[in-house]
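Results of the structural survey
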Amino acid sequence: MKKIAFTALAVIFALFSALPVGNVHASEQSKSSFLKELKAIANDTYSFFEEYTDSATGLTSDIVRLNDGKVEEAKHTSPTNISVYMLSTISAEKMHMISRKEAVLRLKTTLHTLDRLKKWNGLFYNWYNTDGTLKTDWGQFISQVDNSWLTAGLITTGQAYKELYPQTSRLVKKMDYSTLYDPEVGQFRGGYDVVTGKLTDHHYGMFYTEPRLGSYIAIGKGDVPSDHWWKMYRTLPKEWDWQSQIPEGPTVQYDGVPVYEGHYEYKGIKYVPSWGGSMFEGLMPGLVLNEKKYSKNALGLNNARHVQLQLAFAKEKGYPVWGFSPSATPDGYSEFAATPLGTSGYKDDGTVTAHASFLALDYAPDAVEKNIHELRKMRAYGKHGFFDSLNVKSGEVAKAYLALDQGMIMVSIANHVKHDVIRNYFHSDPIARKPVDLLKREVFSIK
């Protein structure tokens, strides 16, 4: 009797012991399979840069469309495109898709071209032809946000390949952001029109939008004072009743500056809005800024909320996939968003874009894995990875590849697979280290 009881207990113990081991093993297998899939997607994605980057100038075409079997290549580029090419090349090398020697050669070509490009106070024009002419005939504008991305790319490149550092740091040093700054308001202008000789009338006032990267860099360079960080709007003032919600929250002082730490609410969840409610406004700066690590009570937490609410918005709409952000359409380009997440929300017409999913990788990997599988089933994948957008209502796919969006996918994958590799290089530079306390100290009113 005792022997039977002992045997039964042993069997029960063995069964229960085996369950977690089996689950962990299955989970590890699943994770390994997903990482392998991400690397394969990155390989296809980087093939876009290999095929559509001019070998003589190292500049990538802005957009490539596939129409009725014909390839239409827009042979001009922007400072942001140049940056994401550089960051994507570093990513490709760190994921062992190209050799270190090849990466350095490619980046040297781009840096040589950057030395030759026409500039204004060290800042770059908004558009350049990608061929040897490097003309700026129709790009006579100096954009704060585009230049900040180029600075981020240069900083990261110089840290990833020290032999390139003298050249990258020289270019960065000459990029004078004080020329775009309005000290009376404590905010940046959107840019400078070279033809009219005027700064834009509008300021970059909203904090949770992509220009915050330029603010961070300009403070790190010493081009603008650090209190600029506190002079941007977390939400707009309550009195501005035209905004999509009237915010709630306290006013808190940082470095003697009163900051209205307001928030909105959707589905019972608090968040700080972006301007339009799109994914890249909120999460694109996180490709280089490690907000998840350094800003756990503010930007990092808010990033997680925006991912959560993009998913909730898609569910409310009954969409089979999610990810709302400006992207190509079959005949152009437009702004899309999870509308409630914006102060002045962009539209939603059922258009989703893959880059929005990949930006969410570090916050909701399981949801991203499921989403990209669904996008594949809906024929949104091609030779160079995911096509730029899909309309879930019509089923129509925009068969286009944008350098910007391909870059966001590539760098997101590298950061996820290689443990913050791009962010770590960026933060190892003195310019990026200097203002990191600004990220650490803030507490949004969404906890």
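Look up: the structure comes first, before these words.
Quick caveat, the model's predicted, so the values are computed rather than measured.

It is worth spelling out the overall build of the chain at this point. Assigned secondary structure in the chain consists of 15 helices and 24 strands. For 447 residues, the compact-globule formula gives about 22 Å, and the C-alpha radius of gyration of the chain, at 23 Å, lands near that figure. Seen through its C-alpha atoms, the chain measures out along the principal axes to roughly 95 × 55 × 45 Å. Here the chain, with 447 residues, has 59% of them falling under the buried criterion. Within the chain, residue pairs in contact and separated by at least 24 positions form 71% of the contacts whose partners lie at least 6 positions apart. Carbon and sulfur atoms make up 54% of the accessible area of the chain, which totals about 18,700 Å². Positive and negative side-chain charges of the chain, numbering 51 and 49 respectively, have mean locations separated by a distance of 7 Å.

Relative to the helices and strands, Gln 159 is located in helix α4 (residues 144-160). Looking at Gln 159, the relative accessible area reads 9%, which means it is buried. Here the side chain of Gln 159 touches Ser 428 through a polar contact of 3.2 Å, side chain to side chain. Among residues more than four places away in sequence, those in contact with Gln 159 are Tyr 165, Tyr 425, Ser 428, Asp 429 and Pro 430.

Glancing now at the packing of aromatic side chains. Applying the stated criterion across every chain, the model contains 22 aromatic pairs. Each ring, one from Phe 48 and one from Phe 49, has its centre 5.3 Å from the other, and the planes form 80°; the classification is edge-to-face. Under the relative-accessibility criterion, Phe 48 is labelled buried at 0%. Using a relative accessible area of 1% as the deciding quantity, one classes Phe 49 as buried. Consider the rings of Phe 358 and Phe 386, whose centres lie 5.8 Å apart with planes at 55°: the pair is tilted. Of the two residues, Phe 358 sits in helix α10 (residues 354-359) while Phe 386 sits in strand β21 (residues 385-386), which places them 28 residues apart along the sequence. Of the aromatic side chains, those joined through ring pairs into one cluster are Tyr 46, Phe 48, Phe 49, Tyr 52, Tyr 85, Phe 387 and Tyr 401. Over the ring of Tyr 165 we find Lys 162, and its NZ or CZ is 5.8 Å from the ring centre. In this arrangement the basic side chain of Arg 376 is found over the ring face of Tyr 381, its NZ or CZ atom lying 4.0 Å from the centre.

With that settled, consider the nonpolar core. Ranked by internal contacts, the top residues of the largest apolar core, which has 126 residues, are Leu 114, Trp 149, Leu 154, Trp 229, Phe 358, Ile 413 and Phe 426. Looking at which element gives the most residues to this core, the answer is helix α12 (residues 403-417), with nine residues. Leu 114 has contacts with Ile 82, Lys 119, Phe 124, Leu 150, Leu 154 and Leu 171, leaving out every residue within four places of it along the chain. Grouped together as the second largest cluster of nonpolar side chains are five residues, Ile 63, Ala 74, Ala 328 and Leu 402 included.

Strand order in this open sheet of three strands is β2-β1-β24, and the pairing throughout is antiparallel. Each end of this open sheet is capped by a strand with a single partner; those strands are β2 (70-74) and β24 (400-402). Taking each pair of neighbouring strands and ignoring which way they run, the sheet shows an average axis angle of 10°. Across three bridges, strand β1 (residues 63-67) lies against β24 in antiparallel orientation.

Right, let's talk about the packing of α4 against helix α6 (residues 212-221) for a bit. When two helices pack together, their arrangement is given by the angle between their axes and by how far apart the axes lie. Between α4 and α6, the shortest axis-to-axis distance is 8 Å and the interhelical angle comes to 60°. When the axis of α4 is compared with that of α6, the two are oblique. You can see that α4 and α6 cross each other, and the crossing is left-handed. Only Leu 213, Gly 214, Ser 215 and Ile 217 of α6 make contact with α4, whose side of the interface consists of Gln 144, Ser 148, Trp 149, Thr 151 and Ala 152.

Three- or four-residue spacings in an α-helix give side chains the same orientation, since the helix completes a turn every 3.6 residues. Taking 1.5 Å per residue as the helical rise, α12 with its 15 residues ought to reach 21 Å, and the 21 Å between its terminal C-alpha atoms agrees with that figure. Just downstream of α12 lies His 419, where phi reads positive at about 55°.

Another point: the environment of Tyr 204. Looking at the element boundaries, Tyr 204 is found in strand β12 (residues 203-204). Given a relative accessible area of 22%, Tyr 204 falls into the partly exposed group. Residues Tyr 204 and Lys 292, spaced 88 residues apart in sequence, show a C-alpha to C-alpha distance of 23 Å. Setting aside residues no more than four positions away along its own chain, Tyr 204 makes contact with Gln 144, Val 145, Gln 187, Phe 188, Arg 189, Gly 190, Pro 211 and Met 232.

Within a regular strand, the side chains alternate between the two sheet faces. As judged from the four bridges shared by strand β13 (residues 251-254) and strand β14 (residues 257-260), these two strands associate in the antiparallel manner. Each residue of the ladder has a partner; that of Tyr 254, found in β14, is Val 257. Here β13 folds back onto β14, and the loop between the two strands holds two residues, one of which, Asp 255, carries a positive phi near 50°.

Scanning the entire structure with this criterion turns up 20 salt bridges. Glu 316 is the salt-bridge partner of Lys 267, the closest N and O atoms lying 3.3 Å from each other. With Lys 267 in the loop between β15 (264-266) and β16 (269-271) and Glu 316 in helix α9 (residues 299-317), this residue pair connects regions lying 49 residues apart in the sequence. One network of salt bridges, with partners in common, ties together Glu 50, Glu 102 and Arg 106.

Relative to the helices and strands, Asn 391 resides in strand β22 (residues 389-391). A relative accessible area of 14% places Asn 391 in the buried class. Here Asp 349 takes part through its backbone oxygen, which lies 3.1 Å from a polar atom of the side chain of Asn 391. If near-sequence neighbours (up to four positions away) are discounted, Asn 391 is found in contact with Asp 349, Gly 350, Thr 351 and Glu 396.

So, how was this worked out
- Residues numbered from 1 in each chain as written.
- Predicted model: local features only at pLDDT ≥ 70, side-chain atom pairs only at ≥ 80, totals over all residues.
- Heavy atoms only, no water.
- Helix = DSSP H or I, 4+ residues; strand = E, 2+ residues; numbered from the N terminus.
- Rg over C-alpha atoms; globule rule 2.2 N^0.38 Å.
- Buried < 20%, exposed > 50% of the residue type's maximum accessible area, 1.4 Å probe, protein only.
- Contact = heavy atoms within 4.5 Å.
- Areas by Shrake-Rupley, 256 points an atom, 1.4 Å probe, with all protein chains shown as cover.
- Lys, Arg positive; Asp, Glu negative; His and termini not counted.
- Charge placed at Lys NZ, Arg CZ, Asp CG, Glu CD.
- Polar contact = N/O pair within 3.5 Å; in protein donor to acceptor, adjacent residues only side chain to side chain.
- Phe/Tyr/Trp six-rings, centres within 6.5 Å; stacked < 30°, edge-to-face > 60°.
- Lys NZ or Arg CZ within 6 Å of the ring centre and 35° of its normal.
- Core = buried A, V, L, I, M, F, W, Y, C linked by side-chain atoms within 4.5 Å.
- Pairing = 2+ DSSP bridges.
- Axes fitted to C-alpha atoms, helices over the stretch in contact; angles between N-to-C directions.
- Parallel < 35°, antiparallel > 145°, perpendicular 65-115°, else oblique.
- Left-handed = near helix turned anticlockwise from the far one by under 90°.
- Expected span 1.5 Å × (residues − 1).
- Salt bridge = Lys/Arg side-chain N within 4 Å of Asp/Glu carboxyl O.

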